[in-house]
Amino acid sequence: MFRKRPVPDGDDLLARLGSLTARARELAELQRSQVELAIALQRGMLPADMPEVPGFHLAARYAPAYAGLNVGGDWYDAFMLPDGRVGLSIGDVQGHTIDAAAFMGQIRVGLRALASVTSEPGELLARTNELLLSLGTDLFATCTFMRFDPATGTLESARAGHIPCVWATADGRSGVSEDEGGPPLGVQEGMEYPVTRYRLTTGGVFLLLTDGVVEGPSLPVDEGLERVVRLAGIAAVAGMEATSLAAAVIKNAALIGHEDDAAVLVVGHDGRTVQP
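Residues numbered from 1 in each chain as written. Predicted model: local features only at pLDDT ≥ 70, side-chain atom pairs only at ≥ 80, totals over all residues. Heavy atoms only, no water.

**Description of the pattern of salt bridges**
- Enumeration according to the criterion identifies 9 salt bridges in this entry.
- Between Arg159 and Asp179 there is a salt bridge, and its shortest N-O distance comes to 2.9 Å. Here Asp179 lies in the loop between strand S7 (174-176) and strand S8 (195-199) and Arg159 lies in strand S5 (residues 154-160), a separation of 20 residues in the sequence.
- A relative accessible area of 14% means that Arg159 is categorised as buried.
- Asp171 is paired through a salt bridge with Arg173; the nearest N and O atoms lie 3.4 Å apart.
- Here Asp171 falls in the exposed class, since its relative accessible area comes to 56%.
- Of the residues examined, Arg173 reaches a relative accessible area of 46% and is grouped as partly exposed.
- Several salt bridges converge on common partners, so that one network encompasses Asp83, Arg85, Arg147, Glu156 and Arg197. (Salt bridge = Lys/Arg side-chain N within 4 Å of Asp/Glu carboxyl O. Helix = DSSP H or I, 4+ residues; strand = E, 2+ residues; numbered from the N terminus. Buried < 20%, exposed > 50% of the residue type's maximum accessible area, 1.4 Å probe, protein only.)

**Concerning the sheet that holds strand S3 (residues 86-93)**
- Spatially, S2-S3-S4-S5-S8 is the arrangement adopted by the 5 strands of the open sheet, whose pairing is antiparallel. With partners counted over all chains shown, the strands left at the sheet margins are strand S2 (74-80) and S8, one partner each. Averaged over all neighbouring strand pairs, the angle between strand axes comes to 15°, with direction disregarded.
- This element, helix H2 (residues 98-115), spans S2, S3 and strand S4 (141-149) of the sheet and lies at about 20° to S2. (Pairing = 2+ DSSP bridges. Axes fitted to C-alpha atoms, helices over the stretch in contact; angles between N-to-C directions. Contact = heavy atoms within 4.5 Å.)

**A short note on the packing of H2 against helix H3 (residues 121-134)**
- Direction vectors running N to C along H2 and H3 enclose 135°, while the axes themselves pass 10 Å from each other. In terms of orientation, H2 and H3 fall into the oblique class. Seen along the crossing, H2 lies across H3 with a hand that is right-handed. Between H2 and H3, the residues in contact are Phe103, Ile107, Gly110, Leu111, Leu114 and Ala115 and Leu124, Leu125, Arg127, Thr128, Leu131 and Leu132, respectively.
- A class-by-class count of the residues in the contact of H2 with H3 yields 9 nonpolar, 2 polar and 1 charged. (Parallel < 35°, antiparallel > 145°, perpendicular 65-115°, else oblique. Left-handed = near helix turned anticlockwise from the far one by under 90°. Nonpolar A, V, L, I, M, F, W, Y, C, P; charged D, E, K, R; others polar.)

**Focus on H3**
- With 14 residues, H3 extends 20 Å between its outermost C-alpha atoms, agreeing within 8% with the 20 Å of an ideal straight helix rising 1.5 Å per residue.
- Every buried residue of H3 is accounted for by Pro121, Gly122, Leu124, Leu125, Thr128, Asn129 and Leu132. All buried residues of H3 lie within an arc of 160° about the axis, which places them on one face of the element.
- Those residues of H3 that are buried are in contact with H2, S4, S5 and S8. (Expected span 1.5 Å × (residues − 1). Arc of directions from axis to C-beta.)

**What to know about the sheet that holds S7**
- Read from one edge to the other, the open sheet built from 5 strands follows the order S1-S10-S9-S6-S7, with strand pairing classed as antiparallel. The open sheet terminates on both sides in strands that have one partner only, identified here as strand S1 (56-63) and S7. Adjacent strand axes in the sheet meet at a mean angle of 15° when their direction is disregarded.
- Seen against the sheet, helix H5 (residues 221-238) touches strand S6 (166-168), S7 and strand S9 (205-209) and runs at an angle of roughly 25° to S6.

**Concerning the packing of aromatic side chains**
- What the rule picks out here adds up to 3 aromatic pairs.
- Ring centres of Phe56 and Phe148 lie 4.9 Å apart, and the angle between their planes is 85°; on these two criteria the pair is classed as edge-to-face. Taken as a pair, Phe56 in strand S1 and Phe148 in strand S4 lie far apart in primary sequence, 92 residues in all. The residues Phe56 and Phe148 share a single accessibility class, namely buried.
- Both rings, one in Phe79 and one in Phe145, keep their centres 6.4 Å apart while their planes meet at 40°; by these two values the pair is tilted. Of this pair, Phe79 sits in strand S2 while Phe145 sits in strand S4, and the two are 66 residues apart along the sequence. (Phe/Tyr/Trp six-rings, centres within 6.5 Å; stacked < 30°, edge-to-face > 60°.)

**So, the nonpolar core**
- Core analysis: the largest hydrophobic core is formed by 44 residues, its most contacted members being Trp75, Leu88 and Leu125.
- If you tally residues by element for this core, the top one is H2, at 7 residues. (Core = buried A, V, L, I, M, F, W, Y, C linked by side-chain atoms within 4.5 Å.)

This is the structure in structure tokens:
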């Protein structure tokens, strides 16, 4: 004979609802704590200051995304090399978790350490690729590394699966860098990364970006790059400082509704005489 299950009384129902509410609150607090930890880990691993280079200005900005755990993968870095040149790197680790933030830190430290052995961009990325493969992780990263010579304004660039850079000159020309590039870091052994050379002229700017700056739900990456190209061109003609340009680029990223981390690193030639 079919027997009806007893209907819970009001007190029992309220107790169950209270338990479910408490559990939901615990899960929400756990997720928020994970996000806050990832952001803190990310910010703690990014450089606090940019190198001071006579005749040039370096500036960077970073903005985390706050959708779920979409934080932790992007980085930028700028540091002096033993020969007086400047190492510049920017990149994006696959994934948006605390693991991605920690892996980002390993890559940034690895690049700095290997740059003391060889700062040639193509060789440096090749060695970093082998280093990441030796770690045995499933994560990988895109990256651009540049070696900048303040004495000549020369930028030597190698790219590992990363989006291209943006440049602009004081006479109104601007565009997206054209280089061959190679695959992301940590994917396949024995990869080579071609090097392309550029020259930063008086009043010019060069911008290294992550895809969170130029790509969003309503904006394809090509259109996003064009926006930054126009912004860089206006900034170069107007003589805008590197810090102001970096802030404007990150503000533009917020306007497109980016769901990813966003980072920009700007090198600007301010027109002053470079001391030998």
